[in-house]
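Reading the structure
Here is what each chain is made of, one letter per residue.
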There are 2 protein chains.
Amino acid sequence: MSRSNTVFIGRKPVLNYVLACMTLFKSGQEEVLVKARGRSISTAVDVVEVIRGRFMPELKVGEIIIGTEELTSPDRNQPTNVSTIEIKLHR
Amino acid sequence: MSRSNTVFIGRKPVLNYVLACMTLFKSGQEEVLVKARGRSISTAVDVVEVIRGRFMPELKVGEIIIGTEELTSPDRNQPTNVSTIEIKLHR
C-alpha cells in the first residue's frame, strides 16, 4: 500500500496541507489523495477548495468517499466511531 | 427550485439531522440531499454515517459535491469564502 501520494489532514493551518499537496503534484504525481477524519473533514474540503480556487484552477476533483472508522483508545472501554473522508485530486 | 428533500446541517446535535433525513425518506422521498458549509461539513458526514450504520444500512450514497460559497457580512468589508458540501442519499 503506497501512501506516497496521500496527504493526511490534521490540525495544522490549511495552507500547510495546501503546500503538501502542491509539492506532490510538482514532484510529478498525477493523483493526490486527501484524507481526514472527524473534525478535520471540514479542513480537508477547505484544502481542496483553496488549491482549486487560488493555485491550480485546472485541478479536477475525482471520487469523494466517506466512511466510518472504529477507534479504540486505552482510556475507554468501548470503541468510538469516527467519520472519514477521502478526496481524490488529479490534474 | 424545490428544497423539500434537502436537509441543511447546522449546529444542532447530529441525531436531530438524522431524524430529519429519516422523516423525509419515510414520507416517500427517494432521494435526500444533505447540505452543509464551513465547520458543519464534518457533521454532515457524521449524519450520513449514522443513518447508514445504525438506521438504514441499505441506504446508498450518491454523488458528493464540494464547492465554495462567497459570504458577505455587514460587519466586514471583504466577502469571505466558505467551503460547502452536498451529499446525495437515495434508497
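A short tour of the structure in this document, coming up. What you see is a predicted model, and the numbers here were worked out from it, not measured in a lab.

Topic: the sheet that holds strand S3 (residues 60-71) of chain A
Residue and element names in this part refer to chain A.
- Taken in spatial order, the 4 strands make up an open sheet running S1-S2-S4-S3, and their pairing is mixed. Two strands bound the open sheet, and with one partner strand each, they are strand S1 (6-8) and S3. Strand-to-strand twist in this sheet, taken as the mean axis angle between neighbours without regard to direction, amounts to 20°.
- In this sheet, strand S4 (residues 80-90) lies alongside S3 in antiparallel orientation, the contact comprising 10 bridges. Looking across to S4, one finds that Ile64 is bridged to Ile87.

Things to note about the packing of helix H1 (residues 14-26) of chain B against helix H2 (residues 40-55) of chain B
Residues and elements named next belong to chain B.
- Their axes nearest at 9 Å, the elements H1 and H2 cross at an angle of 60°. For the element pair H1 and H2, the recorded crossing hand is right-handed. The segment H1 lies against H2, with Val14, Tyr17, Val18, Cys21 and Met22 engaging Thr43, Asp46, Val47, Val50, Ile51 and Phe55.
- Tallied by class, residues from the contact of H1 with H2 come to 9 nonpolar, 1 polar and 1 charged.

Things to note about the nonpolar core
- Grouped together as the largest cluster of nonpolar side chains are 40 residues, with contacts concentrated most on Val34(A), Ala44(A), Val34(B) and Ala44(B).
- Residue contacts for Ala44(B): discarding those within four places in its chain leaves Ile9(B), Val34(B), Ala36(B), Ile85(B) and Ile87(B).

Here's the deal with the environment of Phe55(A)
Residues and elements named next belong to chain A.
- In this fold, Phe55 is placed in helix H2 (residues 40-55).
- In the structure, Phe55 is positioned 36 residues away from Leu19 in sequence and 9.9 Å away in space, judged by C-alpha atoms.
- Sequence-distant contacts of Phe55, defined by excluding residues within four places in its chain, comprise Val18 and Met22.

Section: the interface of chain B and chain A
- If you look at the interface, chain B gives 15 residues, while chain A gives 15 residues.
- Among the secondary structure elements, those contributing two or more residues to the side of chain B that touches chain A are H2, strand S3 (60-71) and strand S4 (80-90) of chain B.
- No other element matches H2(B), which puts 7 residues into the side of chain B that touches chain A.
- Considering only residue class, the side of chain B that touches chain A consists of 7 nonpolar, 5 polar and 3 charged.

Comments concerning H1(B)
Residues and elements named next belong to chain B.
- Between the first and last C-alpha of H1 there are 18 Å, a value that for 13 residues agrees with the 18 Å anticipated at 1.5 Å per step.
- Within H1, the full set of buried residues consists of Tyr17, Val18 and Cys21. Along the long axis of H1, the arc covered by the buried residues comes to 105°, so they all point the same way. Of the exposed residues in H1, those oriented more than 90 degrees away from the buried face are Leu15, Thr23 and Lys26.
- Structurally, H1 contributes buried residues whose contacts are with strand S1 (6-8), strand S2 (31-37), H2 and S4.

Definitions and limits used
Residues numbered from 1 in each chain as written. Chains lettered and ligands numbered in written order. Predicted model: local features only at pLDDT ≥ 70, side-chain atom pairs only at ≥ 80, totals over all residues. Pairing = 2+ DSSP bridges. Helix = DSSP H or I, 4+ residues; strand = E, 2+ residues; numbered from the N terminus. Axes fitted to C-alpha atoms, helices over the stretch in contact; angles between N-to-C directions. Left-handed = near helix turned anticlockwise from the far one by under 90°. Contact = placed C-beta atoms within 7 Å. Nonpolar A, V, L, I, M, F, W, Y, C, P; charged D, E, K, R; others polar. Core = buried A, V, L, I, M, F, W, Y, C linked by C-beta atoms within 7 Å. Buried ≥ 20, exposed ≤ 12 C-beta atoms within 10 Å, placed from the backbone. Expected span 1.5 Å × (residues − 1). Arc of directions from axis to C-beta.

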